[in-house]
Each structure stands twice: as C-alpha cells, then as structure tokens.
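Structural overview
Chain by chain, the residues run as shown.
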Amino acid sequence: MSDVVIVDAVRTPVGRFRGSLAGVRADHLGALVLKALLERTGLSSAQVDDVIFGCVTQIGEQSANIARTALLGAGWPVSIPGMTLDRKCGSGEAAVHVAVGAIAAGAADIIIAGGAENMSRVPMGSNREIHGEAFGWMAAERYELISQGEAAERVADKWSLSRDALDDYAFASHSRAAQAADAGYFANELISVPVAEVREHSLTEPVGMLLADETIRRDTSREKLSTLKTSFRPDAGRITAGNSSQISDGAAALLLMSADTAKRLGLKARARIRAFTTVGVDPTLMLTGPIEATRKVLDKAGLTLDDIDLFEINEAFASVPLAWMHETGVGHDRLNVNGGAIALGHPLGASGARLMTTLLNELERRGGRYGLQAICCAGGLGTATIIERI
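On a predicted model such as this, the values are computed, not experimentally measured, just so you know.

So, about the nonpolar core. Counting residues in hydrophobic clusters, the biggest one holds 45 residues, and the most contacted among them are Leu-287, Ile-308, Trp-324, Leu-372 and Ile-386. Secondary-structure elements contributing two or more residues to this core are helix H6 (148–158), helix H7 (163–182), strand S9 (271–280), helix H10 (289–301), strand S10 (310–313), helix H11 (319–328), strand S11 (370–377) and strand S12 (381–389). Discounting residues that sit within four places of it in the chain, Ile-386 has contacts with Arg-272, Ile-273, Arg-274, Ala-275, Val-297, Leu-298, Ala-301, Leu-303, Ile-308, Tyr-370, Gly-371 and Leu-372. Val-10, Ile-66, Leu-255 and Ala-262 belong to the second largest nonpolar core, which has 39 residues in total.

Okay, structure coming up:
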C-alpha cells in the first residue's frame, strides 16, 4: 500500500445564509475549486483519475452526481468520472477517505476529493420532505428519533454544560476566526468567487467577487449571545442560533496522489494521510462520534493525544467540542485555534474538506507535525483523520 499525500488544498470563502453566494450553484462552486487546484499546481485535468465529492442534500440542482457535474462544468475531459457520497456532516471528509483508499490500493494515481453545498439554494432536509421520513419504522421501533438540536441539548445534559459555557465557547470561535482572518491566516487556502445577483430565481451576470468568509460576526459580543432565545427547548434549553454552526454555502477540495506520483511529477507534497476512520455511535445521542473516532484513529496511527499539535472538531453545536474536551482532556489551546463552524459556517457536504484545508495551512504556519480532525454526523456517526505535515 503506497503513501497518499496532499499536494494542495483550496476552498471558497464561506457565504452567509442567503448571502453573497446565494446566486451561485453548488456545482459551480465545485468547478471553481477544481480549476483552482490545477492552476496552482500546473497539472492538466487529463491527469486526474477521479473526482469524489461529498454533498448532503442531493436534490434538485445538487442531485445528478455533483462531482461529475462540477468537473464537466469546469471544462474537464468527459473521460474523467465523478462520484458523490453522503455521510452527512462528514461527507467531505469521507470523500477524502474513499480517495485515499483508491490511491493506496493502486486503483488510481491522482484524485481530487472534497465537497460542495449551497444551503441557501437547496434547503437542508428538503430531500426528506419530498421523499418521506429518514428512518423507517424498523429503526424507529429501536431508537428514539430526535432532532440534532435536541441531541445537542442531551449532550449538554450528559456533560453538565451550562448556557454560559456554550456562549463563552461561541464567542471564542468568532474572536479566533476574526483574528485569523485579519492576520491573513486563511489567505493561502481561499480562492475568489464571482458573485451573481438573484432575480426571481434566475441568475444575472457576475456583479463582484467574494474574497473572504462573510460568516464571521465581528460585531457580536458575549452580551448579545446571552440574549438569544433557545432553539430546541423553549423553557430550559441552552442551544441557540448563536452557539450552533451557521447554515451556509461553500466548497473545498484537496489534490491527493501517491507519494511516488508526486515525486515523478516534481510536485511537493504538503502532508501525508497518516490514518483515517469512521465509527458508529448511539443514533439518538448522535453527536458523540468525534470522541470515539478520535480514540480509534489515534490507535490506528499508533499515536497519542500528546503527539497531536492541532485538533479540528467540527462545531456543529458548542456542546460537541466541549464534551470532546471533557472526555479527552485536550485544552482549547490546541483545538479549533482559528475558530470553527460557529464562526466560519457549516456548508454540510464541504465541511470535512474545509476543516482539512484549514488544518493543513495552520500546521504549516506553526511548524507542527500532526493534525487530527473529527466530525459528528447525523444518525450517530463520527469521521476522523490524522494528517502529517511533510
């Protein structure tokens, strides 16, 4: 089995819900990150063996295999296949896992993996509304079916997390993201996106460029967060829009290949995939997957928590990384150091690739060696990956 390396990684800025990217289809966002990777590395599209994308709400303009429509929209040869997968919030990370497996097995040399989702244009859950309940009666007989928001409340119950602790964490996410953006820490990973106006569901010509994440709320304060109403338990809840991830739009992708291929092509590998895993956990509590996935991926890599320089745990809700810190003992100084989905948004199918792109760049900036990311997924799943900076 050959080493698999990351040669480059890019992402679009993340657009606020019904914001600047509301006029840009998800497959168009995907086409932009595909083209950017080739422009940055000098590769030809004909050298790419496959494109694998994550996308969660695969309906309407996000259906029909968005990986394939994105590469065709980018003008790539029709001989290049594409595959789109759904592992809920971990879809973009799972796309990387599938690509790594194919390359390591010798089935491909070069694959671009990532994800795209425009939640302004294709509402979360709209596929379920049309086609019925996500769980059939056999599963419903065995497990209590609750929303992710209620699951986040139950995580807060189990780990005795207060509303103050959740809001403190959310404020830190925005503060860290704002500081990182101002310092230019995201510059190397971002591409610009032509922004179009939306008029009666039709698109006009581009009217400008989105150059930076528009989800960071620089004007928020700890006091403002404390005034927000709870979303899932009106009387005694703790989860609010302010301490949850933002519905948003974006795309991200990584250029992956075998170490031998990178050497043959004269390309510098930025990191190698050291280990990856996916776990299943209680589908009712649902959001504890990162805890078990972290333990399992460390075991696979033969590493300990102390070996890891930086962690990215997706901020689906503030209770998720807080519970993870309680269980692992890892401090906030190594976790989501440039903010997370509370500030930077959570375009579902793209988030796994966005986290890995940001993690890679921050490892390089700090001169760290190992980074670990993990994501909780609806239905009781957890994805995790360890990358090693070269």
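Having seen the model, we can carry on.
Time to look at the pairing of strand S3 (residues 50–54). Burial of S3 is extensive: five of the five residues sit out of reach of the surface. Going residue by residue along S3, you find Asp-50, Ile-52 and Gly-54 tucked away on one face and Val-51 and Phe-53 tucked away on the opposite face as well. Pairing of S3 with strand S5 (residues 110–118), which is carried by five bridges, proceeds in the parallel orientation. Bridge pairing in S5 links Ile-52 to Ala-113. Bridge count for S3 against strand S4 (residues 82–85) is four bridges, and the pairing is parallel.

Looking at the element boundaries, Ala-353 is found in helix H13 (residues 351–366). Given a relative accessible area of 0%, Ala-353 falls into the buried group. Note: C-alpha distance between Ala-353 and Glu-315 (38 residues apart in sequence) is 14 Å. Aside from chain neighbours lying at most four places away, what touches Ala-353 is Gly-92, Glu-93, Gly-114, Gly-115, Ala-252, Ala-253 and Leu-254.

A full pass over the atoms with the stated rule returns 29 salt bridges. Its salt-bridge partner being Asp-167, residue Arg-163 comes within 2.7 Å of it at the nearest N-O pair. With a gap of four residues between them, Arg-163 and Asp-167 both fall in helix H7, about one helical turn apart. Considered together, Arg-163 and Asp-167 belong to a single accessibility category, that of buried residues. Residues participating in the shared-partner salt-bridge network are Glu-144, Glu-150, Glu-153, Arg-154, Asp-157, Arg-233 and Arg-238.

Take helix H2 (residues 66–73) next. Turning to H2, its buried residues are Ile-66, Ala-67, Ala-70 and Leu-71. Taken around the axis of H2, the buried residues stretch over an arc of 130 degrees, which confines them to a single face. Its buried side turned inward, H2 meets helix H1 (26–41), S3, S4 and S5. Positive backbone phi, at 85 degrees, marks Gly-75, one or two positions downstream of H2.

One way to put it is that H1 packs onto H2 with a least axis distance of 8 Å and a crossing angle of 60 degrees. When the axes of H1 and H2 are compared, the pair comes out oblique. In this structure, the crossing between H1 and H2 has a hand that is right-handed. Contacts from Ala-26, Asp-27, Gly-30, Ala-31 and Leu-34 of H1 reach H2 at Ile-66, Thr-69, Ala-70, Leu-71 and Gly-73. The residue inventory of the contact of H1 with H2, partitioned by class, reads six nonpolar, three polar and one charged.

Attention now goes to the UniProt feature "domain: Thiolase C-terminal" (unreviewed entry) in the protein. The residues that UniProt annotates with the feature "domain: Thiolase C-terminal" (unreviewed entry) are residues 268–389. With 35% helix and 25% strand, residues 268–389 has its two end C-alpha atoms placed 12 Å apart.

What counts and what doesn't
Residues numbered from 1 in each chain as written. Predicted model: local features only at pLDDT ≥ 70, side-chain atom pairs only at ≥ 80, totals over all residues. Heavy atoms only, no water. Core = buried A, V, L, I, M, F, W, Y, C linked by side-chain atoms within 4.5 Å. Buried < 20%, exposed > 50% of the residue type's maximum accessible area, 1.4 Å probe, protein only. Helix = DSSP H or I, 4+ residues; strand = E, 2+ residues; numbered from the N terminus. Contact = heavy atoms within 4.5 Å. Pairing = 2+ DSSP bridges. Salt bridge = Lys/Arg side-chain N within 4 Å of Asp/Glu carboxyl O. Arc of directions from axis to C-beta. Axes fitted to C-alpha atoms, helices over the stretch in contact; angles between N-to-C directions. Parallel < 35°, antiparallel > 145°, perpendicular 65-115°, else oblique. Left-handed = near helix turned anticlockwise from the far one by under 90°. Nonpolar A, V, L, I, M, F, W, Y, C, P; charged D, E, K, R; others polar. UniProt positions renumbered as here; feature names shortened; annotations may be inferred.

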